[in-house]
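# Working through the structure, step by step
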Amino acid sequence: MKGKEPKPSTFQIWKLAARPHTLTASVAPVFVGYALTLRLIQQHPVLCGDVDETNHTCNNNDAAALLPMTIQFAAFAGLIQISTNLHNDYADFVKGADTDKRVGQARATQKGWLTPYETCRGCVLCLMASLFIGMRYLIPTNCSDGGSSADPMMVFIVLSSLFNAVAYTGGPFPLGYIGLGNISIGYSGLGDLFVFLYFGIVATVSVPYLYVTKTACISPLEDTTKLLQLLQYPFLCSVPIGFLATNIIVVNNLRDRHTDIHAGKRTLAVRFGAAFAKMEYLLLVVASYVFCVYFYLLEAESVRWTTVLPLLSLPMSIPQLKAVAFGGKDGQMLNEHVGGAAKLQLIYCILMTAGCLIANTR
């Protein structure tokens, strides 16, 4: 008879529950946003607030001024993701999705290595840390005549991110205390949309938004048209990043669909079947590379080649497509391809960041 699995060290248990290896999905797009902001500054020097009138360039060190803002938002995004992971570890267990029949990677609460209370406590601590960063660094703006004020868009992003961290899986804590225990983004089949919006658009566009509103003092309420024009290209770049981030959850849900259906978890893979999930995966990969061609047509001729650098990640996508979209792999055999989808998004982000930085030097 198979012996009982030995209990890992406390550090390994918390590492398992927090899943730091998944942080690339939320943090990598933030640094794409950093590179896109440098591109904005180069194209619109007035945004830096200190312009050399002789050559119409920024006098200050833009990278040094922008980097702290980027790190602050990356820390916020990372903490939100860890909070979501910890709450998911707890909620999937108490809702019956994580049982002994689980085919994915081990979960700390399901294994009995952490109690539901301990996992929730870790989640709350991370949420408090992310709230502090949001309140201290992201929400305040000093552009108003009366001193510091709150940016309404950042208020929404911070508060909605906190809510989504616990609403993604739902469960009795903490939403049950306010009568919302039945709400679950993931269990209702909205997980794909959530990942696309927050791991794609929000993660990528927030740094350009923060710089434009805090440094250039372009108000989201009074200068909406100008703000939207400036953020149009960062938004377009966020779309393929969101597609590849979504594929991480697509593979995850494809793998878990047999156990999810018994727990009442109505993901898209459960609702529409494996064929739908495989087609979704294929279309999202293809669309992310089609965007490279679109960016090529948008960019100035001298730097067009930099926009297609993400195509260098195309060979990485081939084995993933063969296994997930066209192969017969299922269950535990898909575990490596959850990580494969995350690595593909990471390399795509790195190449897009490199392309922007190279274009900025020309």
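Quick look at the structure, then.

Conventions and cut-offs
- Residues numbered from 1 in each chain as written.
- Predicted model: local features only at pLDDT ≥ 70, side-chain atom pairs only at ≥ 80, totals over all residues.
- Heavy atoms only, no water.
- 1 Å grid on protein atoms, 1.4 Å probe; cavity = no way out; pocket = protein on both sides within 12 Å on 5 of 7 lines; lining within 4 Å.
- Points joined across faces, edges and corners; volume = space filled by probe spheres on them.
- Helix = DSSP H or I, 4+ residues; strand = E, 2+ residues; numbered from the N terminus.
- Nonpolar A, V, L, I, M, F, W, Y, C, P; charged D, E, K, R; others polar.
- Expected span 1.5 Å × (residues − 1).
- Buried < 20%, exposed > 50% of the residue type's maximum accessible area, 1.4 Å probe, protein only.
- Polar contact = N/O pair within 3.5 Å; in protein donor to acceptor, adjacent residues only side chain to side chain.
- Patch = residues over 30% accessible without salt bridge, like charges linked within 9 Å, V, L, I, M, F, W, Y side chains within 5 Å.
- Areas by Shrake-Rupley, 256 points an atom, 1.4 Å probe, with all protein chains shown as cover.
- Salt bridge = Lys/Arg side-chain N within 4 Å of Asp/Glu carboxyl O.
- Phe/Tyr/Trp six-rings, centres within 6.5 Å; stacked < 30°, edge-to-face > 60°.
- Lys NZ or Arg CZ within 6 Å of the ring centre and 35° of its normal.

Turning our attention to the layout of surface pockets. A probe matching the size of a water molecule, rolled over the atoms, marks out where space remains unfilled. Size it by volume and the largest pocket reaches roughly 740 Å³. If you go around the largest pocket, you meet 37 residues; those closest to its centre are Arg19, Thr22, Ile248, Ile249 and Asn252. Sorting the residues of the lining of the largest pocket by element identifies helix 2 (24-43), helix 3 (62-94), helix 7 (191-214), helix 9 (232-262) and helix 13 (335-360) as the ones contributing at least two each. The element that contributes the greatest number of residues to the lining of the largest pocket is helix 9, accounting for nine residues. Taken together, the residues that form the lining of the largest pocket break down as 13 nonpolar, 14 polar and 10 charged.

Here helix 6 (residues 152-167) spans 22 Å end to end across 16 residues, near enough to the 22 Å set by a 1.5 Å rise per residue. Buried residues of helix 6: Met154, Ile157, Val158, Ser160, Ser161, Leu162, Asn164, Ala165, Val166 and Ala167, and no others. A distance of 2.9 Å separates the backbone nitrogen of Met153 from a side-chain oxygen at the start of helix 6, and that oxygen is part of Asp151.

The next subject is a nonpolar patch on the surface. The grouping of Phe31, Leu67 and Ile71 at the surface amounts to a nonpolar patch, some 240 Å² of accessible area in total. Relative to the helices and strands, Phe31 resides in helix 2.

What follows concerns the side chain of Asn252. If you trace the backbone, Asn252 turns up in helix 9. By relative accessible area, which is 15% here, Asn252 ends up buried. At 2.8 Å, the side chain of Asn252 forms a polar contact with the side chain of Arg255.

Counting across every chain of the model gives three cavities of 30 Å³ or more. Of the voids in this model, the largest cavity is the one considered here, and its volume is about 140 Å³. Along its surface, the largest cavity is lined by 13 residues, and Ala77, Ile80, Ser161, Tyr198 and Phe199 are the ones closest to its centre. Of all the secondary-structure elements, those providing two or more residues to the lining of the largest cavity are helix 3, helix 6 and helix 7. In this structure, the second largest cavity spans a volume of roughly 100 Å³. Taken together, Arg39, Tyr233, Cys237, Phe295, Glu299, Thr306, Thr307, Pro310, Met352, Gly355, Cys356 and Ala359 make up the lining of the second largest cavity. Contributing elements (two or more residues each) for the lining of the second largest cavity: helix 9 and helix 13. Top contributing element to the lining of the second largest cavity by residue count: helix 13, with four residues. Of the residues in the lining of the second largest cavity, the class split is seven nonpolar, three polar and two charged.

If you walk through the whole model with that rule in mind, you get 13 aromatic pairs. With centroids separated by 5.8 Å and ring planes inclined at 40°, the aromatic side chains of Phe73 and Phe76 adopt a geometry described as tilted. Placement of both Phe73 and Phe76 in helix 3 is noted, with a separation of three residues, approximately one turn of the helix. The two residues Phe73 and Phe76 agree in class, both being buried. Between Tyr168 and Phe194, the aromatic rings sit 5.3 Å apart at their centres with planes inclined by 45°, giving tilted as the arrangement. Separated by 26 residues along the polypeptide, Tyr168 in the loop between helix 6 and helix 7 and Phe194 in helix 7 bring together distant segments of the chain. Taking the relative accessible area as the measure of exposure, Phe194 reaches 10% and is therefore buried. Taken together through their ring pairs, the aromatic side chains of Phe196, Tyr233, Phe243, Phe291, Tyr294 and Phe295 make up a single cluster. Above the ring of Tyr233, the side-chain terminus of Arg39 is found at 3.7 Å from the ring centroid. It is Lys95 that lies over the ring of Tyr187; its NZ or CZ is 3.7 Å from the centre.

These values are about where atoms sit, not about what they do.
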